[in-house]
Amino acid sequence: WHHSVQTKTKKTLAKPNIRNIVVVDGVRTPFLLSGTSYKDLMPHDVARAALTGLLHRTSVPKEVVDYIIFGTVIQEVKTSNVAREAALGAGFSDKTPAHTVTMACISANQAMTTGVGLIASGQCDVVVAGGVELMSDIPIRHSRKMRKLMLDLNKAKSVGQRLSVISKFRLNFLAPELPAVAEFSTSETMGHSADRLAAAFAVSRLEQDEYALRSHSLAKKAQDEGLLSDVVPFKVPGKDTVTKDNGIRPSSLEQMAKLKPAFIRPYGTVTAANSSFLTDGASAMLIMAEEKALAMGYKPKAYLRDFMYVSQDPKDQLLLGPTYATPKVLEKAGLTMNDIDAFEFHEAFSGQILANFKAMDSDWFAQNYMGRKTKIGLPPLEKFNNWGGSLSLGHPFGATGCRLVMAAANRLRKEGGQYGLVAACAAGGQGHAMIVEAYPK
Amino acid sequence: MEFHDPPISASQSAGIIGKLFCKFILKYLFLIGYICRNFTESSALLTRTHINYGVKGDVAVIRINSPNSKVNTLNKELHSEFIEVMNEIWASDQIRSAVLISSKPGCFIAGADINMLAACKTPQEVTQISQEAQRTFEKLEKSTKPVVAAISGSCLGGGLELAVSCQYRIATKDRKTVLGTPEVLLGILPGAGGTQRLPKMVGVPAAFDMMLTGRNIRADRAKKMGLVDQLVEPLGPGLKPPEERTIEYLEEVAITFAKGLADKKISPKRDKGLVEKLTAYAMTIPFVRQQVYKKVEEKVRKQTKGLYPAPLKIIDVVKTGIEQGSDAGYLSESQKFGELAMTKESKALMGLYHGQVLCKKNKFGAPQKDVKHLAILGAGLMGAGIAQVSVDKGLKTLLKDATLTGLGRGQQQVFKGLNDKVKKKALTSFERDSIFSNLTGQLDYQGFEKADMVIEAVFEDLSLKHRVLKEVEAVIPDHCVFASNTSALPISEIAAVSKRPEKVIGMHYFSPVDKMQLLEIITTEKTSKDTSASAVAVGLKQGKVIIVVKDGPGFYTTRCLAPMMSEVIRILQEGVDPKKLDSLTTSFGFPVGAATLVDEVGVDVAKHVAEDLGKAFGERFGGGNPELLTQMVSKGFLGRKSGKGFYIYQEGVKNKNLNSDMDSILASLKIPPKSEVSSDEDIQFRLVTSFVNEAVMCLQEGILATPAEGDIGAVFGLGFPPCLGGPFCFVDLYGAQKLVDRLKKYEAAYGKQFTPCQLLADHANSPNKKFYQ
């Protein structure tokens, strides 16, 4: 570790006159395939489990928490501010305000950086940031016509008026409206876009299957070796205690090759096996001003340093966020790719990760689309998502960001590195990257 | 009007064909799949200039890439190279299948070479060209090595006929990829087996729809119809430019399908839907088939008034193939193809095609400064229409009106125009919103300091136009062009109060702006070349076909229409019923009857124009008594917009009735008809000759620069019968002498309005003189 420090461009990313912000610790519920053990819960139940897990892990006195922020994507209408409902249920002080943010797959990242902003500006000292997603139950709505009829019926006073409203009913009003899995601006599903992206960068089916297999194998190894220490057990009411992620399934290339394309049929390359799966889960993290953490006697895990949000064309560059965000955040921090010891990138699809790799490794792409003179360069694979990623561990949309940061922080501690780089793509053509610096031991 | 599900009944399909024919003949003429190119001798000497192939594994990849051209065109050289290449492929033991693809982004094969047909002197020569293509495509169809057509970009006419002869078709699902048989729009038919293969491939009703409307079919629709077997999504940026990589990807996908077909892992047969199966079954019943032919034929006759021979021949050829077998079908196709290529109608339509290509170019070159910010004054029908076609193409547009109500109406018109495209699936709702955000509605001149061009579309009143011109000049930057959208006020008079008359120009749009393709640009003596270049560039961006004319009363289009309108009034005064007049004009080939046209234009507008031009041209524009229009206006019969004109217009009522209140007005102005010039044919020719004579005079006086612009202006702006090719083409085809004779006969009856102009007389005197050589 000491050796690696000496080779860094910068000794630390601390900046004069700016508060250092630390992650005291972070936890998550096991990430489960949707429709399994969490299927009868509501989102705030899962979020509550992460919050109580965090309380237990850190023993933070509830009254010192100044603010709570959660990310989520598909909102349960009954708990639209799920952060508040979960916090109340988890026994946090009713005097602690809470709000919910949404930014597709980087919602938890947004929760964290919002917290960073509150602390850096001196508004707060202690913030809990997290995220939750429950894909087992999604709000399926009545059609607009049916909703209108029901609202009109509500307003109708007399029997006559009611009958007149009811007479407008048509059978097709009953057709339900599912929450869009497609990009609103382009009507294209993300899997379809990922398949096109993979094709644009000439990523083969085999490369994608190989990468997915790597993710599952590394996740399995990490799970078996007990490295996924951010996971806290969750006693699900009426069911057994869930202790592990259940989507990790290392298969074989032969088995994977048998699958038919899931989006572009019959000749596409993105399949169920090389995509992240619909996941239920929640994460939570305790963030503090460094001096506050030290005053309270904590030994923080990491600093949260520079971060960057980017956005680009939601049609053809939907999932290239990491490519755009990585060089920007490195430049902002004054680091190079060589300074990074642990990369934690969100794996939406194998094809998306590999397309980002090819983009990062291409001078042509850098010159024509990023306004850079040369390519960014590839992250070394031996430092990349070493404990598995979203493909294998799962991807509860609103919760993944905190998992990435904790994986980076825990890996730096375990592997002995100083700087971690977290990056993720998100619907809407957006992206995020953040530098995590290990807290000196 | 879009046609999303497989046709169920013949009558339904015929109805659609009928309605579409006239609309599409104008709308899609410029998209036609016939391209004229002259290949240089040297390129013809080289071997394989158009086609090359490489072998990937056991798949031959045949790449079409005609040199020095943005498009591939099916001509003799390409044809013979294709035969050579196919023979090598068939002879090779290594090759088991093939992919046919174009190396040009945006174009598979845009059609056959129009000049190849124009060069033929006899129907037999044309028939021979057709038969050669038929033979090649038949060999291709029977190939034991499967050939996959990988289509990206336009696949039209002969290009489509080639593609449907292949065993399998894969198309890129983008807006540039369109398939179609536009031959009918040139007055001919698909002459390379298309009339025989398409009915088998997509069913008889859908094949009729394609061939009789000539419309372009987007890739996704083509897939639903069974015209293509697979779609490939266009790709975004990767390690190469998107277009390049998309073609490469299309090729990769096509290769896997070619292999699959050769290995018999993929079947070229397509699963048909239930409706399609039922339609196919119904078509096996002779009685049903006869009914289909009959219905389609009736509709075509009704819509074309028998003025266009091609659609009827298409029906005939398809029928021959189905009823008498392929051999008879192919023979009939090639013969009718030859006959049609020699018709006047075909020559007229091809002339229009050439004219249109010409009018899609900016002869003034690129303007010094691109117009990026446009401002429009007046949010009326015209102003909002101009705004719609501008925001649509990404121009940031300010729309200014004097009142909030007027502005709101205009903004709603733009929104509705865009939203209608969403309903037709030509735009997504998101694209609509994003386009609509290019429009800023306002009541003041805020932002005009950034405008590169201002188009005024305020009421047709000279003093008002002067006022806005002065107001605008106070706020716009120096380089800004001031364009006036007027149909009759001379631009030089408008420019008289300008501080910078070199920046003033006329841009005469036609209503409805989003549907009418023509833009008449009017330059004054003082208009600078760069101002003209700017105006043409903006018009082209708006998707317009542009004629540039000199300033003068009524410019070109309004001026030609005026004597004809005066004649309309006289004919009505002479006791011809408006319905009868309408039917006489439409049966001559005008898309809208003459009386209806007055109602559509607006009686008050017609009166305005008649008065203005009457003053300018005096007796020559006499004829009918303008009092008729004056009385109509005073009674509030302004035409469609007021609900009453010659006809009564009611919301939702399709068949309009005559306005009986007109009887007394017409009775009070009645004049006795002159029997020697009042036959139906004479009435038609009185209208047409007055139009044509004035058009030729515009050329004579230099208002028009070229006959081609005169033809395009008349057909696209005024609805002059497309089958006649425009007034100048009509003089050439009908004969100047015969026209002069007619004019003289009418001159004898009525006087000066029919005196043939000098240029027309010159043409009559020397039969070798033609407007088109």
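Residues numbered from 1 in each chain as written. Chains lettered and ligands numbered in written order. Predicted model: local features only at pLDDT ≥ 70, side-chain atom pairs only at ≥ 80, totals over all residues. Heavy atoms only, no water.

Draft legend 1. View of the interface of chain A and chain B. Each side of the interface is counted separately: chain A has 19 residues, and chain B has 19 residues. Summed over both partners, the interface of chain A with chain B buries about 1700 Å², with 65% contributed by carbon and sulfur atoms. Broken down residue by residue, the surface that chain A buries against chain B is led by Ala200, Tyr267 and Trp364 of chain A, which jointly contribute 36%. Run the count over chain A and chain B and you get zero salt bridges. Our count for the chain A to chain B interface comes out at four residue pairs in polar contact (both at pLDDT 80 or more). (Contact = heavy atoms within 4.5 Å. Buried area = accessible area lost by both parts, 1.4 Å probe. Salt bridge = Lys/Arg side-chain N within 4 Å of Asp/Glu carboxyl O. Polar contact = N/O pair within 3.5 Å; in protein donor to acceptor, adjacent residues only side chain to side chain.)

Draft legend 2. The sheet that holds strand S11 (residues 373-377) of chain B, seen in detail. All names here are of chain B. One open sheet accounts for eight strands, arranged S13-S12-S11-S14-S15-S16-S17-S18; its pairing is mixed. Lying at the two open borders of the sheet, with one neighbouring strand each, are strand S13 (439-442) and strand S18 (545-550). On average, each strand axis in the sheet is tilted by 25° relative to the strand beside it, whichever way the strands run. As paired elements, S11 and strand S14 (residues 453-456) share four bridges and run parallel to each other. Residue pairing across strands places Ala375 opposite Val454, the latter belonging to S14. Contacting strand S12 (396-400) and S13, helix H17 (residues 404-423) runs over the sheet at an angle of about 165° to S13. The strands touched by helix H29 (residues 707-718) within the sheet are strand S17 (518-523) and S18, with S18 carrying the most contacts at an inclination of about 120°. (Pairing = 2+ DSSP bridges. Helix = DSSP H or I, 4+ residues; strand = E, 2+ residues; numbered from the N terminus. Axes fitted to C-alpha atoms, helices over the stretch in contact; angles between N-to-C directions.)

Draft legend 3. Spatial organisation of the sheet that holds strand S9 (residues 217-218) of chain B. All names here are of chain B. Taken together, four strands build an open sheet; the order of strands is S4-S6-S8-S9 and the sheet is mixed. Looking at the sheet topology across the chains shown, the edges are occupied by strand S4 (107-109) and S9. When strand S8 (residues 178-180) meets S9, the two strands line up antiparallel, connected through two bridges. The residue of S9 that forms the bridge with Val178 is Arg218.

Draft legend 4. Region of the structure containing the UniProt feature "domain: 3-hydroxyacyl-CoA dehydrogenase NAD binding" (unreviewed entry) in chain B. In this structure's numbering, the residues bearing the UniProt feature "domain: 3-hydroxyacyl-CoA dehydrogenase NAD binding" (unreviewed entry) are residues 374-551 of chain B. Counting secondary structure, residues 374-551 of chain B comes out at 40% helix and 22% strand; the distance between its end C-alpha atoms is 23 Å. (UniProt positions renumbered as here; feature names shortened; annotations may be inferred.)

Draft legend 5. Examining the UniProt feature "domain: Thiolase N-terminal" (unreviewed entry) in chain A more closely. Summarizing the sequence annotation, UniProt attributes the feature "domain: Thiolase N-terminal" (unreviewed entry) to residues 21-291 of chain A in the numbering used throughout. From the first C-alpha to the last, residues 21-291 of chain A spans 9 Å; its make-up is 35% helix and 16% strand.

Draft legend 6. Broad picture of the packing of helix H23 (residues 578-588) of chain B against helix H28 (residues 680-700) of chain B. Residues and elements named next belong to chain B. Between H23 and H28, the shortest axis-to-axis distance is 10 Å and the interhelical angle comes to 70°. Judged on the interaxial angle alone, H28 and H23 are roughly perpendicular. Here H23 contributes Lys580, Leu581, Leu584, Thr585, Ser587 and Phe588 to the contact with H28, which in turn contributes Asp680, Ile683, Gln684, Phe685, Leu687 and Val688. Of the residues contributing to the contact of H23 with H28, the split by class is seven nonpolar, three polar and two charged. (Parallel < 35°, antiparallel > 145°, perpendicular 65-115°, else oblique. Nonpolar A, V, L, I, M, F, W, Y, C, P; charged D, E, K, R; others polar.)

Draft legend 7. Broad picture of the packing of helix H7 (residues 194-202) of chain B against helix H13 (residues 309-324) of chain B. Residues and elements named next belong to chain B. Between H7 and H13, the shortest axis-to-axis distance is 9 Å and the interhelical angle comes to 65°. One element, H7, and the other, H13, form an angle in the roughly perpendicular class. As H7 packs across H13, the resulting crossing turns out to be right-handed. Along the contact surface, H7 presents Thr195, Gln196 and Pro199, while H13 presents Val317, Val318, Gly321 and Ile322. In terms of residue class, the contact of H7 with H13 is built from four nonpolar, three polar and no charged. (Left-handed = near helix turned anticlockwise from the far one by under 90°.)

Draft legend 8. Local environment of the domain arrangement of chain B. Each assigned domain of chain B is listed with its residue range as follows: domain 1 (51-342), domain 2 (373-552) and domain 3 (557-765). The distance between the C-alpha centroids of domain 1 of chain B and domain 3 of chain B comes to 43 Å. (Domains from an automatic or database assignment.)

Draft legend 9. Structural context of the environment of Thr58 of chain A. Residues and elements named next belong to chain A. Along the chain, Thr58 falls in helix H2 (residues 43-58). Discounting residues that sit within four places of it in the chain, Thr58 has contacts with Val24, Asp25, Leu286 and Tyr298. At 2.7 Å, the side chain of Thr58 forms a polar contact with the backbone oxygen of Leu54.

Draft legend 10. Looking closely at unusual backbone geometry. Note that the residue after Arg265 of chain A, namely Pro266 of chain A, is joined by a cis bond; omega there is 5°. As for its placement among the helices and strands, Pro266 of chain A is situated in the loop between helix H9 (253-257) and strand S8 (279-289). Despite not being glycine, Lys264 of chain B shows a phi value in the positive range, around 60°. Examined against the element boundaries, Lys264 of chain B turns out to sit in the loop between helix H10 (242-262) and helix H11 (274-282).

Draft legend 11. Just the state of the cysteines, in detail. All names here are of chain B. Counted under the stated rule, the structure contains zero disulfides over all chains. You can see Cys166 has no disulfide; the closest cysteine sulfur is in Cys155, sitting 9.2 Å from it. Among the cysteines around Cys698, which has no disulfide bond, Cys560 carries the closest sulfur, lying 4.7 Å off. Residue classification places Cys698 among the buried positions, given a relative accessible area of 0%. (Disulfide = S-S within 2.5 Å. Buried < 20%, exposed > 50% of the residue type's maximum accessible area, 1.4 Å probe, protein only.)

Draft legend 12. Quick look at the pattern of salt bridges. Scanning the entire structure with this criterion turns up 72 salt bridges over all chains. Here Lys369 of chain B makes a salt bridge to Asp452 of chain B, at a shortest N to O gap of 3.3 Å. Of this pair, Lys369 of chain B sits in the loop between helix H15 (344-358) and S11 while Asp452 of chain B sits in the loop between S13 and S14; the two residues are 83 residues apart in sequence, bridging distant segments of the chain. The class for Lys369 of chain B is partly exposed, based on a relative accessible area of 43%. We classify Asp452 of chain B as buried; its relative accessible area is 4%. A single network of salt bridges, built from pairs that share partners, joins Glu188, Arg196, Lys315 and Asp316 of chain A.

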